[in-house]
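Each chain, written out:
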Amino acid sequence: MPTYMIERDIPGADKLSASELSEISAKSNAAVAGLGEPYTWITSYVAGDKFYCVHEAESAETIRKHAHDGGFPINSVTEVAAVIGPSTARGS
């Protein structure tokens, strides 16, 4: 299943409380459950006024449906072409 990076502009995101982040997570989980198709929310990073999310779905359109159903902004959706890290330098 393709992996996507999602960028969301959320002013004051880095100031959200643990309770507010928990509520957002619950909304996302409910939206995932309601999709009725394969979808995995892997993780999200909160930085400044943005959320950077990593999700797996069959298409970018499914990513947009999740955002719509959850009431989340979505500024960009980009399919991940490769994942690299320090071990990539060692080859396979």
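Look up: the structure comes first, before these words.
Here we summarise the structure given alongside this text. (Residues numbered from 1 in each chain as written. Predicted model: local features only at pLDDT ≥ 70, side-chain atom pairs only at ≥ 80, totals over all residues. Heavy atoms only, no water.)

**A closer look at the overall build of the protein**
And step 1. Helices and strands together make up the secondary structure of the protein, namely two helices and four strands.
And step 2. Reading the secondary structure of the protein in the N-to-C direction produces β-α-β-β-α-β.
And step 3. Each principal axis of the C-alpha distribution contributes one length, and for the protein these read about 40 × 30 × 20 Å.
And step 4. Sequence separation of at least 24 residues holds for 73% of the intrachain contacts in the protein that already meet a minimum separation of 6.
And step 5. Of the accessible surface of the protein, which amounts to about 5700 Å², a share of 55% is contributed by carbon and sulfur atoms.
And step 6. Across the protein, the mean location of the 7 positive side-chain charges is 3 Å away from that of the 12 negative side-chain charges. (Helix = DSSP H or I, 4+ residues; strand = E, 2+ residues; numbered from the N terminus. Contact = heavy atoms within 4.5 Å. Areas by Shrake-Rupley, 256 points an atom, 1.4 Å probe, with all protein chains shown as cover. Lys, Arg positive; Asp, Glu negative; His and termini not counted. Charge placed at Lys NZ, Arg CZ, Asp CG, Glu CD.)

**A short note on the pairing of strand 3 (residues 50-57)**
And step 1. Looking at chain direction, strand 1 (residues 3-9) and strand 3 are connected through seven bridges and run antiparallel. Bridge pairing in strand 3 links Met5 to Val54.
And step 2. Alignment of strand 2 (residues 39-47) against strand 3, held across eight bridges, turns out to be antiparallel. Residue pairing in the sheet places Val46 in a bridge with Phe51 of strand 3.
And step 3. Between strand 2 and strand 3, which pair antiparallel and follow one another directly, the connecting turn spans two residues, one of which, Gly48, has a positive phi of 60°. (Pairing = 2+ DSSP bridges.)

**Observations regarding the nonpolar core**
And step 1. Within the largest apolar cluster, twelve residues are counted, these being Tyr4, Ile6, Ile10, Ala13, Val32, Leu35, Tyr39, Phe51, Cys53, Ala57, Ile63 and Val77.
And step 2. Mapped by element, the contributors of at least two residues to this core are strand 1, helix 1 (18-35) and strand 3.
And step 3. Per-element accounting of this core gives the leading share, three residues, to strand 3.
And step 4. Setting aside its immediate chain neighbours within four residues, Ala13 contacts Val46, Gly48, Asp49, Lys50 and Phe51. (Core = buried A, V, L, I, M, F, W, Y, C linked by side-chain atoms within 4.5 Å. Buried < 20%, exposed > 50% of the residue type's maximum accessible area, 1.4 Å probe, protein only.)

**Some points on the environment of Val46**
And step 1. Mapped onto the elements, Val46 comes out in strand 2.
And step 2. Sequence-wise, Val46 and Lys15 are 31 residues apart; in three dimensions their C-alpha atoms are separated by 9.4 Å.
And step 3. Sequence-distant contacts of Val46, that is, excluding residues within four places in its chain, are made with Ala13, Asp14, Leu21 and Phe51.

**Looking at the sheet that holds strand 3**
And step 1. Strand order in the open sheet formed by four strands is 2-3-1-4, with antiparallel pairing between adjacent strands. Single-partner strands in this sheet number two, and they are strand 2 and strand 4 (76-79). Adjacent strand axes in the sheet meet at a mean angle of 20° when their direction is disregarded.
And step 2. With respect to the sheet, helix 1 is in contact with strand 2 and strand 3, its orientation differing from that of strand 2 by roughly 155°.
And step 3. This element, helix 2 (residues 60-70), spans strand 1, strand 2, strand 3 and strand 4 of the sheet and lies at about 40° to strand 1. (Axes fitted to C-alpha atoms, helices over the stretch in contact; angles between N-to-C directions.)

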